[in-house]
Amino acid sequence: MEKSALAFVSLLFLLIARADASISGDGLERLPADTRPLHYLISAHPNKDNTGFTAQATLRFEVLKPTAQVVVHTRDLNISKARLKSGATPKIGTDLARHRTLFTFDKPLSKGQHELQVEYTGSIAENIEGVFRVDQQSPDGSRQQMLFTHLCCIGTARKFAPLWDQPDLKAIFELELTIPAGLDAISNMPVARRDTLPSGESKVRFEPSPRMSSYLLFFTVGRFDRVASQAGSAEIAVYTQPGKAEQGRFALQATADSLKLYNDYFGVDYPLKKLDNIAFPGAGSFGAMENWGAIFYFEPYLLVDPNLATQRDRQNVYVVVAHEVAHQWFGNLVTMQWWDDLWLNEGFATWMASKATNHYKPEWNVWRMDAESREQAMRLDARDSTHPIVRPVRTYEEAELSFDEITYQKGQQVIRMIEAYVGEDAFKNAIRAHIRKHAYGNAVTEDLWRELEVTSPFPVAAIARDFTVQEGVPLIDVISSKCTGGKTTVSLRQGRFGLDAKSKQPKEWRVPVTGTVMGSNKVARQVVRGATTSELTLEGCGPVKLNLGEAGYYRTRYDAASFSQLDKSFARLPPQDQLGLMNDGYNLAEGGYTPFGGYLNLALKAPASSDPVIWLHLTRSFAALDKVYQGRPEHEQFRAFARWKLSSALQELGWLQQDGESANASIARAELVELLGRLRDPATEKETLRRFRGARADPSLVSGGMRQAIINAVGATADVTVLEELLGLAASTKDSAQRRVLLLAAAGVQDPALARRMLDLTLSEAVPAPLVGNIIQRVAEFHPTLTFDFVTSKYDALAARMESFARITLAQEVAGRAVDLTLTPRLEKFVEEKIGDAGRESLNRARSTMTCRDEVRRERLPQVDAWLREHASAWKVQQ
């Protein structure tokens, strides 16, 4: 499953505790081990108003040891009949809390194969869970109702059929749907036959799937347009709502590119006859879902409108498609044994997507642009609410919260670091052996490390375990560096980087450190472990830079002399290493390891002509500081400095795209405009409003690359009149993607009264249900207390419009955006009374985030204030 793209955002979905009595927080238990599924034949018939369905399922299973009770997962299904093929009729019992149906027979079933035929009914939801419906307006103004499924990941597939709903219990699926004539039906496999029934309806039968986990099952029903082509032995296609098929061409090419690369890299060809990409109109709390042979996407992550798409949109689409296609091997062909090893699916798909993107789009400099995802992982991993990449999963909440920056981004960075350490060929050979050995089955992390030990030229399993079974971020301290006889000896020590007291408690890692002397092309490597000093010997003399290309998952703190040398030579560092120095500098200052002045000195000297990644870094770090400054008297002083520094870059880039300009320069321009608008830069405010209002007469004023940034900047500073314009455009557009852009821009408004109006709209049809959580979180960025008050007072009404796991974490995520600890007791009381045990881990994350931000506000901002006063002559006179 994909959460976003080059910079990943937001969490996912699932189960609610006290707000849904059918969900238990007591534990995530495996089914009894006396049976296992072999084959499902499911025939479903949605009713005319798409509120429910009737179905029959034939479950072929194997009894491994005699038992009188067959236990399967069900959730919100009403089973009316059940009987074995042999004629035996069981008693039907339910365990609602654990999502189980128990078929109990008079006599134990013998070892071997059996068939159970079940008749049942189920519901069709309005939110994105199980089988759900959406009423969609097409570009031509017509409306249609479409059905989709989202059966991932924990506890959801069982809303469609009685299943052994565990990732390790794979089986073959055959699906049959009875649908209205004239509609299309798409599932994991190609259509085997389509018959017209006496009722005039169509019965669509799909070919059998390979053995796969239940959460990968998928179907959709509606009217679609498509574009298609052939990629090797597989037909590939993009399906869209009518009128949008051409917007799928870019994703179609990304699919073809990915399949070609992965067929070679994994050494196993994509095994299905087709690979469909299906666009869901609108947006939700995740980007896409890797259903085998039928990948589900929200439109912003699959479609590219050439008139409106930004360069960031194109990069996002390419990376998301590459991620989902990678899952066809890592996740679908080979699946994690249990949710403990979720990173085997998600970390590897994330890493492989960046690798594929870098292969086909080297001009995007994906590893530079992806640095922010590494930072997201490290920020979470440096707090006491973190967790190891591989961890025991005992509850539904633990399973769902594993879909986070640790699993995705840290997983990706650890893989990248290990690949760099052992070499690309050795790593690829281990992956190929792993895929061959576990194809159509399941695996655990240790299976991969065993293969890697065989192919690696160095012992590596211990390094890999250090980074996957324990939490936290290593800190490499440069104690000193000394040049003698043309060689530099660097003394190193390994500690731990943390943003709070618990995360600073000592831990040991075996850290593969790389280093070089500037100007030298010789790279030295050394595994550094613990507080004992290690020495790294480098060829040449000069400034020393560690963690080349930022491929390692660790922070680097230089001694004063070494940092001074790098500071003086900053302009000569490669952009990736400049970025690494600035990322480490900001976070070390935030954590209290180094004074903020060192980082701000680097920021001050960054020239307007810096690589776009430097300006992207500065916009994000300045935006973070701006939020923490809220309510402080020195806020405006900081904003003045930020406006001065960032406007110099915008002047360098200009408002219009230049001939030969890189895609990343376009992205940097857009982020600069958006933040400068938010910082109330007068020139930017005036220009963005002029372009926004003039675009009706002259659309070129808001070209695709700048349109979203201009709208967001206008939304941030909107008054009542401008907000009405944004909402009017959102209501009148027939395009769901444009509605999303306009509503999110309006939700970014800084005026509290207007922000409250946007919150109120989430309870109305003006905000589509899949966008409710997005709008609330957007408002909370600048108004956390206002938003928390709204969420807690309107919780039940909001919960009815949201995906179930999003309901669990909503209040915690909102409160976690606060800049101090004032909301903490109220949040704790709300979780205790309304959510219960299912909200504990997300509560801990919110408390940890608020505590760290409060410490920055109290302990670090005075350093920034002092630096701004001391260096005022360097920037105030130039405003």
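That block above? That's the structure.
Remember, predicted model here, so these are calculated numbers, not experimental data.

(A) Here's a closer look at the overall build of the chain. Counting its regular elements, the chain contains 28 helices and 28 strands. Taken over the C-alpha trace, the chain has a radius of gyration of 27 Å; the compact-globule value for 879 residues is 29 Å, and the two agree within 12%. Considered along the principal axes of its C-alpha atoms, the chain spans approximately 90 × 65 × 55 Å. Relative to its full complement of 879 residues, the chain shows a buried share of 64%. Approximately 30,900 Å² of the chain is accessible, and the part contributed by carbon and sulfur atoms is 49%. A distance of 1 Å separates the average location of the 105 positive side-chain charges in the chain from that of its 106 negative side-chain charges.

(B) Expanded view of the pattern of salt bridges. Summed over all chains, the structure comprises 66 salt bridges. A salt bridge links Asp611 to Arg368; the shortest N-O distance between them is 2.7 Å. Of this pair, Asp611 sits in the loop between helix H13 (596-605) and helix H14 (612-628) while Arg368 sits in helix H4 (residues 366-369), placing them 243 residues apart in sequence. With a relative accessible area of 19%, Asp611 lands in the buried category.

(C) Up close: unusual backbone geometry. In this model, Tyr440 sits at a positive phi of 65°, which is unusual for a non-glycine residue. Considering the arrangement of structural elements, one finds Tyr440 in the loop between helix H8 (424-438) and strand S21 (441-443). Residues other than glycine seldom take positive phi values, yet Glu550 does so here, at roughly 55°. Topologically, Glu550 is positioned in the loop between strand S27 (544-546) and strand S28 (555-557). For Glu550, a relative accessible area of 4% gives the class buried.

(D) Up close: the packing of aromatic side chains. Within this structure, the stated rule accounts for 47 aromatic pairs. Plain terms: the ring middles of Phe280 and Phe298 are 5.3 Å apart, the flat faces sit at 90° to each other, and that makes the pair edge-to-face. Of the two residues, Phe280 sits in strand S17 (residues 274-280) while Phe298 sits in strand S19 (residues 294-298), which places them 18 residues apart along the sequence. With respect to class, Phe280 is no different from Phe298; both count as buried.

(E) Structural context of the environment of Phe250. Topologically, Phe250 is positioned in helix H1 (residues 249-266). Residue Phe250 is classed as partly exposed on the basis of its relative accessible area of 22%. Among residues more than four places away in sequence, those in contact with Phe250 are Val304, Arg314, Val317, Tyr318 and Trp364.

(F) Structural view of the packing of helix H2 (residues 311-327) against helix H16 (residues 663-678). Contact geometry for H2 and H16: axes closest at 8 Å, N-to-C directions at 120°. Comparing the axis directions of H2 and H16 gives the class oblique. Across the interface between the two elements, Gln311, Arg312 and Gln315 from H2 touch Ala663, Asn664, Ser666, Ile667 and Glu671 from H16.

(G) A look at the state of the cysteines. All chains considered together, the criterion is met by one disulfide. The disulfide partner of Cys483 is Cys541, and the gap between their sulfur atoms is 1.5 Å. Note that Cys483 is positioned in strand S22 (residues 473-484) and Cys541 in the loop between strand S26 (534-539) and S27, a separation of 58 residues in sequence. Take Cys483: its relative accessible area is 36%, and that puts it in the partly exposed class. Its relative accessible area of 44% is what places Cys541 among the partly exposed residues.

(H) Structural context of the sheet that holds strand S3 (residues 67-73). The strand order across the open sheet built from three strands is S3-S6-S5, with neighbouring strands paired in antiparallel fashion. Each of the sheet's edge strands pairs with one partner strand only, and the pair in question is S3 and strand S5 (91-95). Neighbour-to-neighbour, the strand axes of this sheet turn through a mean angle of 25°, independent of strand direction. Where S5 lies against strand S6 (residues 100-109), five bridges are found, and the strand directions are antiparallel. Looking across to S6, one finds that Gly93 is bridged to Leu102.

(I) Seen up close, the sheet that holds strand S2 (residues 52-63). On the basis of which strands lie adjacent, the open sheet formed by seven strands has the order S4-S7-S2-S1-S10-S13-S12 and mixed pairing. Each edge of the open sheet is held by one strand with a lone partner, namely strand S4 (78-84) and strand S12 (191-196). Pairs of neighbouring strands in the sheet enclose a mean axial angle of 15°, with direction left out of account. With six bridges joining them, strand S1 (residues 35-46) and strand S10 (residues 172-179) adopt parallel strand pairing. By the bridge assignment for S10, Ile42 is matched with Leu175.

(J) Spatial organisation of the nonpolar core. By size, the foremost hydrophobic cluster in this structure holds 294 residues, and its most contacted members are Phe160 and Trp339. Among all residues touching Trp339, those that are not within four sequence positions of it are Leu28, Cys153, Ile154, Pro167, Tyr215, Val393, Ala399 and Phe403.

(K) Highlighting helix H19 (residues 720-732). Its 13 residues give H19 an end-to-end C-alpha distance of 18 Å, which sits within 8% of 18 Å, the value for a rise of 1.5 Å per residue. Of the residues making up H19, those classed as buried are Val722, Leu723, Glu725, Leu726, Leu727 and Ala730. Looking at where H19 begins, the residue whose side-chain oxygen comes 3.2 Å from the main-chain nitrogen of Thr721 is Asp719.

(L) Summary view of the environment of Asp135. Tracing the sequence through the fold places Asp135 in strand S8 (residues 130-137). Between the alpha carbons of Asp135 and Pro281 there is a distance of 9.4 Å; along the sequence they are 146 residues apart. Other than its neighbours up to four places away in sequence, Asp135 contacts Arg143, Gln144 and Gln145.

(M) Seen up close, the side chain of Thr849. Along the polypeptide, Thr849 turns up in helix H27 (residues 840-870). Taking the relative accessible area as the measure of exposure, Thr849 reaches 15% and is therefore buried. At 2.9 Å, the side chain of Thr849 and the backbone oxygen of Arg845 are in polar contact. Setting aside chain neighbours within four positions, we find Thr849 in contact with Arg383 and Gly816.

(N) Structural detail: the packing of helix H22 (residues 772-780) against helix H23 (residues 784-793). Following both chains from N to C, one finds H22 and H23 inclined at 140°, their axes separated by 7 Å at the closest point. For the pair formed by H22 and H23, the contact residues are Ile776, Val779 and Ala780 on the first element and Pro784, Thr787 and Val791 on the second. Among the residues making up the contact of H22 with H23, the classes are represented as five nonpolar, one polar and no charged.

(O) Layout of helix H26 (residues 824-835). Counted at 1.5 Å a residue, the expected span for H26 with its twelve residues is 16 Å, and the 15 Å between its end C-alpha atoms agrees. Of the residues making up H26, those classed as buried are Thr824, Leu827, Phe830, Val831 and Ile835. Buried residues of H26, viewed axially, fall in a sector of 125°; they line one side. Seen from the buried face of H26, the exposed residues on the opposite side, beyond 90 degrees, are Lys829 and Glu833. Buried residues in H26 make contact with H23, helix H24 (795-799), helix H25 (804-815) and H27. Positive phi appears at Gly836, one or two residues downstream of H26, with a value of about 85°.

(P) Summary view of the side chain of Lys545. Locating Lys545 in the fold gives a position in strand S27. Looking at Lys545, the relative accessible area reads 3%, which means it is buried. Within the local environment of Lys545, its side chain forms a polar contact with the side chain of Glu550, the two groups lying 3.0 Å apart. For Lys545, the residues in contact, after removing those within four places along its chain, are Thr514, Gly515, Thr516, Glu550, Tyr558, Leu566 and Asp577.

Basis of the calculations
- Residues numbered from 1 in each chain as written.
- Predicted model: local features only at pLDDT ≥ 70, side-chain atom pairs only at ≥ 80, totals over all residues.
- Heavy atoms only, no water.
- Helix = DSSP H or I, 4+ residues; strand = E, 2+ residues; numbered from the N terminus.
- Rg over C-alpha atoms; globule rule 2.2 N^0.38 Å.
- Buried < 20%, exposed > 50% of the residue type's maximum accessible area, 1.4 Å probe, protein only.
- Areas by Shrake-Rupley, 256 points an atom, 1.4 Å probe, with all protein chains shown as cover.
- Lys, Arg positive; Asp, Glu negative; His and termini not counted.
- Charge placed at Lys NZ, Arg CZ, Asp CG, Glu CD.
- Salt bridge = Lys/Arg side-chain N within 4 Å of Asp/Glu carboxyl O.
- Phe/Tyr/Trp six-rings, centres within 6.5 Å; stacked < 30°, edge-to-face > 60°.
- Contact = heavy atoms within 4.5 Å.
- Axes fitted to C-alpha atoms, helices over the stretch in contact; angles between N-to-C directions.
- Parallel < 35°, antiparallel > 145°, perpendicular 65-115°, else oblique.
- Disulfide = S-S within 2.5 Å.
- Pairing = 2+ DSSP bridges.
- Core = buried A, V, L, I, M, F, W, Y, C linked by side-chain atoms within 4.5 Å.
- Expected span 1.5 Å × (residues − 1).
- Polar contact = N/O pair within 3.5 Å; in protein donor to acceptor, adjacent residues only side chain to side chain.
- Nonpolar A, V, L, I, M, F, W, Y, C, P; charged D, E, K, R; others polar.
- Arc of directions from axis to C-beta.

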